[in-house]
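Topology and contacts: notes
Residue strings, one per chain:
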Amino acid sequence: MKGLLINNYYSMQDNIKLSFGIALAVVLIPLFASGSKVMSMIIAVQTFVFASNMGTSLQMDETSKWNKWELTLPVTRTAVINAKYISFIFLITMGLASSLVTLLLHGFIGELDVNAVIDGYLFGLQLAITSIAIVYPLILKLGAEKSDVLLLTAAGLSIGLKMVIWYILYMFNNDINFNGRTVGIVSTLAALLLFAVSYLISARIQRHKEF
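Residues numbered from 1 in each chain as written. Predicted model: local features only at pLDDT ≥ 70, side-chain atom pairs only at ≥ 80, totals over all residues. Heavy atoms only, no water.

**Let's talk about a nonpolar patch on the surface**
Together, V164, Y167, I168, M171 and F172 make up an exposed nonpolar region whose accessible area comes to about 580 Å². Position of Y167 relative to the elements: it lies in helix α8 (residues 147–172). (Patch = residues over 30% accessible without salt bridge, like charges linked within 9 Å, V, L, I, M, F, W, Y side chains within 5 Å. Areas by Shrake-Rupley, 256 points an atom, 1.4 Å probe, with all protein chains shown as cover. Salt bridge = Lys/Arg side-chain N within 4 Å of Asp/Glu carboxyl O. Helix = DSSP H or I, 4+ residues; strand = E, 2+ residues; numbered from the N terminus.)

**A closer look at helix α7 (residues 114–142)**
Between its first and last C-alpha atoms α7 spans 42 Å; for 29 residues at 1.5 Å apiece the expected length is 42 Å, and the two agree. Just past α7, the residue G143 takes up positive phi, approximately 105°. (Expected span 1.5 Å × (residues − 1).)

**Considering the side chain of T188**
The residue T188 is located in helix α9 (residues 181–207) in this model. Given the relative accessible area of 9%, T188 is considered buried. From its side chain, T188 meets the backbone oxygen of L122 in a polar contact 3.2 Å long. Other than its neighbours up to four places away in sequence, T188 contacts L122, L125 and Q126. (Buried < 20%, exposed > 50% of the residue type's maximum accessible area, 1.4 Å probe, protein only. Polar contact = N/O pair within 3.5 Å; in protein donor to acceptor, adjacent residues only side chain to side chain. Contact = heavy atoms within 4.5 Å.)

**What about the packing of aromatic side chains?**
Using the criterion set out here, one finds 7 aromatic pairs in the structure. Taking 5.1 Å as the distance between ring centres and 75° as the angle between the ring planes, the aromatic pair formed by Y85 and F195 counts as edge-to-face. Here Y85 is found in helix α5 (residues 77–98), whereas its partner F195 is found in helix α9, with 110 residues between them in sequence. The class of F195 is buried, set by a relative accessible area of 13%. Summarising the aromatic geometry, the rings of F88 and Y136 are spaced 5.2 Å apart at their centres and angled 70° between planes, so their arrangement reads as edge-to-face. Of this pair, F88 sits in helix α5 while Y136 sits in helix α7; the two residues are 48 residues apart in sequence, bridging distant segments of the chain. Judged by relative accessible area, which is 3%, Y136 ranks as buried. Grouped by ring-pair contacts, the aromatic residues Y85, F88, Y136, F195 and Y199 constitute a single cluster. (Phe/Tyr/Trp six-rings, centres within 6.5 Å; stacked < 30°, edge-to-face > 60°.)

**Here's the deal with the pattern of salt bridges**
One pass over the structure, following the stated rule, counts 1 salt bridge. The partner of D119 in a salt bridge is R181, and the shortest N-O contact between them spans 2.9 Å. With D119 in helix α7 and R181 in helix α9, this residue pair connects regions lying 62 residues apart in the sequence.

Quick look at the structure:
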């Protein structure tokens, strides 16, 4: 398992550096624009940007044929999937960590809005978790050639999921706002459930995967 995790890191390290660059660059946006919505979007972008690079890493695995050779390793196929999903969690955690720079900057200039911070994290987490949950099983089944297109599609579907959740909640309470806290919390919980289902589906696909 440790070796699989290290390999996943090596295949993603260039993308991680790029993501750090993007995450730090968007921190400068408050110098030109301010407001709670701006801070929410910055945090959401920082949370999502690391997860968005998973496609490039999986493409590298496929180009180098590693995704086939790893099936011959003296580890279970479930361990391979476990390592991938732990790596995805690692990417999301790095996104959360990078957003701390935004919190420090906004706190320093005196514009730290706690509600905006929470909303940004909820949206970013929902977007990142849902996108990964949708994309990875598809890549296992279809291949990584179109992972970038799949990721963009999954990001759109994650927003669509949030809209469906908002509509369902709205039918019971007309005061529910699409960008409100309730919709954000329920959407994030739904994303976590989808992530768990995605893991089960991916494990099943991997167990029946051939060379």
